[in-house]
Amino acid sequence: MRTPIIAGNWKLNKTVSEAVSLTIDLIKLVDKISDVEIVIAPVFTALSDVHDAINGSNIQLAAQDVYWEDSGAFTGEVSAPMLKDVGCDYVIIGHSERRQYFAETNESVNQKVKAALSHDLKPIICVGELLEEREAGKTESVIEDHVKGAIVDLSVSEMESCVIAYEPVWAIGTGKTATPDQAQEVHNFIRNILEDCYSDKLASQIRIQYGGSVKPENAEELMSQPDVDGALVGGASLDAESFAEIVKQSR
């Protein structure tokens, strides 16, 4: 049985004080939940303070990105050892916004995944197609390219530490959501890729999140699909009550 994982990607939102306030409100709403893994990803500047706020709670900490080198002359970057030092458990890698605005590629995603794993950070690997790619019937080829590109040379034990997040780009921040059937179809396709690359056993263990305008109103139906193991939540994670409701809907 795969434990659902609900992660809140706060993106470029919330000052340190606002992030801590949101965290404290969220803890009060989900502190009794033990059958869902809850993760929040604030901006880099808030990681330390949010880590202090969640200490002793059932919430884990994620970063929104990582660089693949541990140190050096890479102005503006943050490395895996630094994220581990500040208390991160997870790191989001390859989000579509990183691909769209910051030239992220399969190769850089793979390098970042390996860097995260080498420092005991669990990667949340994002994959997903653009609207024009879906309309052109290219969803499966894009997803296969993203998944296989991200996991190049990962061992079984390394892959077991990864989470995959399917995010149809056309549904991120648009209010549009893949139907439960559409989400299930792609999640099952991803699981089949993992089976081909590794084994049925490993494929059945990996958790695959859905991301793309997840809200309390649609979370339960999405989470009821057999291959949907949680959600990577954007806008709705910026409100404690709505995020807590999504967590509850995933149980």
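Residues numbered from 1 in each chain as written. Predicted model: local features only at pLDDT ≥ 70, side-chain atom pairs only at ≥ 80, totals over all residues. Heavy atoms only, no water.

### Re the overall build of the protein chain
When its secondary structure is counted, the protein chain shows twelve helices and eight strands. Its C-alpha radius of gyration of 17 Å places the protein chain within 12% of the 18 Å reference for a compact globule of 251 residues. Considered along the principal axes of its C-alpha atoms, the protein chain spans approximately 45 × 45 × 35 Å. For the protein chain, the proportion of its 251 residues judged to be buried stands at 52%. Sequence separation of at least 24 residues holds for 73% of the intrachain contacts in the protein chain that already meet a minimum separation of 6. By element, 47% of the accessible surface of the protein chain is carried by carbon and sulfur atoms, the whole surface being about 11,200 Å². (Helix = DSSP H or I, 4+ residues; strand = E, 2+ residues; numbered from the N terminus. Rg over C-alpha atoms; globule rule 2.2 N^0.38 Å. Buried < 20%, exposed > 50% of the residue type's maximum accessible area, 1.4 Å probe, protein only. Contact = heavy atoms within 4.5 Å. Areas by Shrake-Rupley, 256 points an atom, 1.4 Å probe, with all protein chains shown as cover.)

### What about unusual backbone geometry?
Not every positive phi belongs to a glycine, and lysine 14 is a case in point at roughly 80°. Residue placement: lysine 14 occurs in the loop between strand S1 (5-9) and helix H1 (16-30). Positive phi outside glycine occurs at alanine 103, with the angle close to 60°.

### Focus on a negative patch on the surface
Negative charge collects at one region of the surface, where Glu140, Asp181, Glu185, Glu217, Glu220, Glu221 and Glu245 lie side by side. The set of elements that each furnish at least two residues to the negative patch consists of helix H9 (180-197) and helix H11 (216-223). (Patch = residues over 30% accessible without salt bridge, like charges linked within 9 Å, V, L, I, M, F, W, Y side chains within 5 Å. Salt bridge = Lys/Arg side-chain N within 4 Å of Asp/Glu carboxyl O. Lys, Arg positive; Asp, Glu negative; His and termini not counted. Charge placed at Lys NZ, Arg CZ, Asp CG, Glu CD.)

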